[in-house]
Structures are given as structure tokens and as C-alpha cells.
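Remarks on the overall topology
Chain by chain, the residues:
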Amino acid sequence: MAPLPTVSPATLDRVRGALWGIYIADALSMPVHWYYDPRVLQRDFGRITTYQAPKPVHPGSIMSVSNTGGHGRGGQSGRIIGDVINHGKHDRWGKSGVHYHEGMQPGENTLNALCARVVTRGMAQRGGYSAQGFLEDYIKFMTTPGSHNDTYAESFHRDFFRNWAAGVPPEKCSRGTEGHNTASIGGFVMLPPVIMGALKDGVEAAQQVAVRHLALTHESQALGQVAKVYARLLCEVAQGQDFRASLRAAAADVGVDLDRIMRFNYSDLEVVHRVFGSACYITSSFPSVLYLAYKHTNSFEDAVLSNTNVGGENCHRGSALGAIMGAAAGASGIPRHLIDGLHDSKAIGAEIDNYITALFPEEAKKEQAAAATPAGAEL
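Conventions adopted
Residues numbered from 1 in each chain as written. Predicted model: local features only at pLDDT ≥ 70, side-chain atom pairs only at ≥ 80, totals over all residues. Heavy atoms only, no water. Salt bridge = Lys/Arg side-chain N within 4 Å of Asp/Glu carboxyl O. Helix = DSSP H or I, 4+ residues; strand = E, 2+ residues; numbered from the N terminus. Buried < 20%, exposed > 50% of the residue type's maximum accessible area, 1.4 Å probe, protein only. 1 Å grid on protein atoms, 1.4 Å probe; cavity = no way out; pocket = protein on both sides within 12 Å on 5 of 7 lines; lining within 4 Å. Points joined across faces, edges and corners; volume = space filled by probe spheres on them. Nonpolar A, V, L, I, M, F, W, Y, C, P; charged D, E, K, R; others polar. Contact = heavy atoms within 4.5 Å. Patch = residues over 30% accessible without salt bridge, like charges linked within 9 Å, V, L, I, M, F, W, Y side chains within 5 Å. Areas by Shrake-Rupley, 256 points an atom, 1.4 Å probe, with all protein chains shown as cover. Polar contact = N/O pair within 3.5 Å; in protein donor to acceptor, adjacent residues only side chain to side chain.

This part takes up the pattern of salt bridges. With the rule as written, the count across this model stands at 15 salt bridges. Across the salt bridge formed by E102 and R92, the nearest N and O atoms sit 2.7 Å from each other. Note that E102 is positioned in the loop between helix 4 (90-93) and helix 5 (111-126) and R92 in helix 4, a separation of ten residues in sequence. A residue is classified by how much of its surface remains accessible, and E102, at 22% relative accessible area, is partly exposed.

Okay, structure coming up:
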């Protein structure tokens, strides 16, 4: 049995970085989320380098043909959207060209990233992960009018609350919902705080809790298997192991040879759109995450901006990537303007601090004591 990892001040910095990365990459991509034609993205925004608001019209929006009563495409007769979740947004789904994140401000986060904040706050409050606690927090957040400003909700949210509204127990609301798009990168957005919370207990514990949490919202064994790879990668990076070696190993686990791809000197756009695919499916989106991290190993900012500007499923792919890159850089290595520019930066920072204090109490005390010691002073 491998010894349990130790948590140093550098580790705490990397945990903080992983959490900040979720929100930064998501918010950068928010205005061009699901822009599948890079030419249109360039026409509407040029190259994005900072937080922006969405345009009034999304040229590729499919909300007008999305099911407001459950997953996938369909009509707007269902009222899960509007009455149960995403209150007051039902009428926006039936109109052509409505942006998925209509009306959001520069630096605001989309719904899945907001749910990652729900997980983070709940873990800080309870001093650890609780599946029952998460379900209570998730249901309260999603069913409370005015709790968020997003217009769109992925299929897994709609299916969960369709079942919940029908009286299905919360712990069973993901069952029977698997569809063609269940195994998607959106399921990974909430995982980093869950995984980091198990860091002291080792990789296997982190993998187990990640899969357990994922199953509450996504009924997909295929997605769960990739979540194990993601959990191992995040743990290794947070522990300061060789970043590129960990990326190569994770890629090999999903059948990807990163060095071979790099030898072709493709652009990021070519890799994401042509080698793997820019949609949500985990079989294409997770390899894209690993490639972007490998290509931009030494720059958090380059990685997340490239993810934004190649378009496609860049918000949720970005959150998964941002957590990896944030863990590699540490919060101290993330450009300050990306942290401060988030719409809710102060609140997010307080939530991350509370999470660190609750999940790593002894280590946080040592960190605080070290920070309070004047440089050059002897203890």
C-alpha cells in the first residue's frame, strides 16, 4: 500500500489554483460557448484575451429546438425549464438565435461552474464531502428563483429535475437518464473540489469519491472510467509530480499519444476540431483537454485562452482544463488580472479560503503561521 501523500504549503497553493482555474476558463469562454465555426467566432469577437459579455444573438444556438422538459432536443411544452429550474427563462428557449448565456456580464460563470461553487461551499461547511449534503445543496440552489443568471441548463440538469419533480428520491434522479450525450465533459466541472478534498487520502480514495459524485448526476459507466483518469491526473499534479509525465500517462489511459500528435505541428484549432472533435462528448473533449495542457504546459494563460478561442464546447472543456493548469501553476502562478476580473472574484476567493481551512485545517494553520513570520526571522 502506497503511503498517503503529505500536504505542503505548495500543495495548498496548487489546490487553490485548481479551483480558480475552473472559474477563470469557464468565464473566458462564456461569450463564445458552443461557437462551432471558428470563422464566426473570429467575426464576432476577434481573438478573446479577456472577459467579455455575450453578443445578443448566438449564430449557432439550438435552444429553440432543445427540450425544456428533459434531455436532448424536443419541444418547449415541458416546464422543467422556467418553473422548476432556470426560473423565468422558459420563453427564451423557443426563440431562434438566443445566446445560451444571454444577459450575463463579463467574468460571470455559467451554470455548471456555479454548481462547482455549490460543491465547494458545501464541503467547506461540512468539513468534507457528503453525497447527501451535495444533493440538498444542489436542489436548493437549482430550485431557488434568482439563484443564478444563466439561461441554459445541460441535459443532465433537466433530466435530474424532471425526475425530482415527479417525486423520484434525489439519490435516484440520475437513473434511467443515459443518452447519447450523457458521457460529456460537463460532468467534470464539479469534480475538482471533490477530488482535491480527498487528496490526503490518496489517489484511489479520490477516484472513488469522484465516481460516486458523478453518478449522482450522470448515469454513465464510460464517463466514470474517464473520471478516474482525471482524478489521478489532478492528484498527481496537485502533489507536484512531473506535469508532462502525468499528462502522457493520462493520455495513454484513453488511447492517445500526445507526443505523436505534437510531431505533426498542428495548430490547436486543427487538433481540437479535426483530430479529436470540438463537441461535448468525453471521447473527444477529454483528449483535447490533455492536448491543450501538454501544448501549453508552462503557461496557464496560454492554455485557457487557446481553449476559449478554438470554440466548440469550450466552457466545460475549459473548466476541466483550467483545474489541471491551475493545479500545475498554483494560485500564485495565475495572472492576477484573471482572478480579479471574475465577476464574483471576492466571493469565490472567500469560498476557496473557507474550503482550504475546512478541508486542510492543520496545513492551513501552518501556512498562516509561515505567512505571518517576517522574512529572515528565526523560529
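Let us look at empty space enclosed by the protein. In this structure the tally under the stated criterion is two cavities of 30 Å³ or more. Size it by volume and the largest cavity reaches roughly 70 Å³. Looking at the largest cavity, the residues that line it are V118, V119, G122, M123, R126, G128, Y129, S130, F134 and D137. Looking at the lining of the largest cavity, the elements with two or more residues in it are helix 5 and helix 6 (131-143). Top element by residues in the lining of the largest cavity is helix 5. It accounts for five residues. Around the second largest cavity sit H33, W34, H101, T110, L111, N112, D150, Y152, E154 and H316, which together line it. Broken down by class, the residue content of the lining of the second largest cavity amounts to three nonpolar, five polar and two charged.

Turning our eyes to something else, we now look at the environment of V256. On the secondary structure map, V256 appears in the loop between helix 11 (243-253) and helix 12 (258-263). Residue V256 is classed as buried on the basis of its relative accessible area of 12%. Linking V256 and L290, residues 34 residues apart in sequence, is a C-alpha distance of 9.2 Å. Ignoring any residue separated from it by four or fewer positions in sequence, one finds V256 in contact with A251, I261, F276 and P287.

Together, F264, Y266 and V275 line one region of the surface with nonpolar side chains, adding up to about 250 Å² of accessible area. Along the chain, V275 turns up in helix 13 (residues 268-276). For V275, a relative accessible area of 36% puts it in the partly exposed group.

Within the fold, N112 resides in helix 5. The class of N112 is buried, set by a relative accessible area of 3%. Of the polar contacts made by the side chain of N112, one reaches the side chain of H157; its length is 2.7 Å. N112 has contacts with E154, F156, H157, G186, V189, M190 and H316, leaving out every residue within four places of it along the chain.

For S267, the position within the fold is in the loop between helix 12 and helix 13. Taking the relative accessible area as the measure of exposure, S267 reaches 32% and is therefore partly exposed.

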